[in-house]
Amino acid sequence: MIKLHHLAGHIQTILLAEYPDKLLLLDGCCRADISVLKHFITHTLKRPFNDLSLVVVTHMHPDHAGAAHKLRQLTHCKIATANVSGQWYSGIDGRLMHLTDMILARWVAKRMKKTAQRMWYPSQLHADITLNDGQTLPGFDDWVAYSTQGHTDRDLSLHHLPSHSIYVADLMVKIKDKFIPPFPIFYPNRYKQSLQKIIALKPKTLILAHGGEVEPTEQQFKQLLTLAPIIPRTHWRLLKIKIAKTLRLRY
């Protein structure tokens, strides 16, 4: 049996799976989380930092991809992502969105009363391994990757088969006793399909990047599906709505 360690990251949970001969990081964390992760591996687990074998990046947001490049430099680990062509942050719009997402991450950290930390990370990611829907993780055949797009075009969820627990990253967010969709949602139809895919698997528990390990009831799943948007909910759309509202009030 593995040990799945839940560590307090900068603005999300760090999930580290411990095996006798290797370590698996379920997501790419924040750039600010590297020192926390290194201290835990080398001091608490008393293992070499380069026992970190694989880092899965579930999507490209700052708290899921921010540490991946640097961890590969430091430990020579492999990086795995969804098998989706192109870069999430591509073109001028992509670069602006990259900056916006880092600003949002800083805002979340401030609301959590965290001290300011370094958040910058490269907007382009060239993975060592690309994962198809339903593919086992190389070197970790007790884990299966599922495509759960909607939040972005390349979201992954990771299913630990022996425990029947699924790490769903940002597929949902827990606020008190309520589960809500994340922000943004670029692909609402894919998002709803992804929720239905996870529900159909009937997992024992879900592990959230923001909310810990949970056991949603059937009613909570139904409510989440009801809350799923039918049109994209993105930075630009919200900005356009705010500008239009301001113009209406002014003129």
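Calculation rules
Residues numbered from 1 in each chain as written. Predicted model: local features only at pLDDT ≥ 70, side-chain atom pairs only at ≥ 80, totals over all residues. Heavy atoms only, no water. Buried < 20%, exposed > 50% of the residue type's maximum accessible area, 1.4 Å probe, protein only. Helix = DSSP H or I, 4+ residues; strand = E, 2+ residues; numbered from the N terminus. Pairing = 2+ DSSP bridges. Phe/Tyr/Trp six-rings, centres within 6.5 Å; stacked < 30°, edge-to-face > 60°. Lys NZ or Arg CZ within 6 Å of the ring centre and 35° of its normal. Polar contact = N/O pair within 3.5 Å; in protein donor to acceptor, adjacent residues only side chain to side chain. Axes fitted to C-alpha atoms, helices over the stretch in contact; angles between N-to-C directions. Contact = heavy atoms within 4.5 Å. Arc of directions from axis to C-beta.

Let's talk about the pairing of strand 8 (residues 140-147)
Part 1 of the reasoning: With 6 of 8 residues buried, strand 8 is to be regarded as a mostly interior element.
Part 2 of the reasoning: Taken together, the 3 bridges between strand 7 (residues 135-137) and strand 8 define a ladder with antiparallel strand orientation. In the sheet register, Leu137 faces strand 8, and the bridge partner there is Phe140.
Part 3 of the reasoning: Between the antiparallel neighbours strand 7 and strand 8 lie 2 residues, among them Gly139 with a positive phi of about 85°.
Part 4 of the reasoning: In this sheet, strand 9 (residues 156-160) lies alongside strand 8 in antiparallel orientation, the contact comprising 5 bridges. Residue pairing across strands places Ser147 opposite Leu156, the latter belonging to strand 9.

Looking at the packing of aromatic side chains
Part 1 of the reasoning: Under the defined criterion, the tally for this structure stands at 3 aromatic pairs.
Part 2 of the reasoning: Residues Phe186 and Tyr187 carry aromatic rings whose centres are separated by 6.4 Å and whose planes lie at 40° to one another, so their mutual orientation is tilted.
Part 3 of the reasoning: On the accessibility criterion, Tyr187 (27% relative accessible area) is partly exposed.
Part 4 of the reasoning: A cation sits over an aromatic face here: Lys22 above Phe140, 4.6 Å from the ring centre.
Part 5 of the reasoning: Geometry around Tyr187 places Arg190 over its ring, the cationic atom sitting 4.0 Å from the centre.

Overview of the side chain of Arg47
Part 1 of the reasoning: Examined against the element boundaries, Arg47 turns out to sit in the loop between helix 1 (34-44) and strand 4 (52-56).
Part 2 of the reasoning: A polar side-chain atom of Arg47 sits 2.9 Å from a polar atom in the side chain of Asp51.

A look at the sheet that holds strand 13 (residues 205-208)
Part 1 of the reasoning: Pairing is mixed across the open sheet formed by 6 strands, whose spatial order is 7-8-9-10-13-14. Strands at the two margins of the open sheet, each flanked by one partner only, are strand 7 and strand 14 (212-214). Between one strand and the next, the sheet's axes are offset by a mean angle of 30°, whatever the strand orientation.
Part 2 of the reasoning: Helix 5 (residues 188-201) rests against strand 8, strand 9, strand 10 (165-169) and strand 13 of the sheet, and its axis sits at about 140° to strand 8.

Here's the deal with helix 1
Part 1 of the reasoning: Turning to helix 1, its buried residues are Ile34, Leu37, Phe40 and Ile41. Buried residues of helix 1, seen end-on, are gathered within an arc of 140° and therefore sit on one face of the element.
Part 2 of the reasoning: Those residues of helix 1 hidden inside the fold are in contact with strand 1 (3-8), strand 2 (13-18), strand 3 (23-25), strand 4 and helix 3 (68-75).
Part 3 of the reasoning: Lys46, located one to two residues past helix 1, shows a positive phi value of around 55°.

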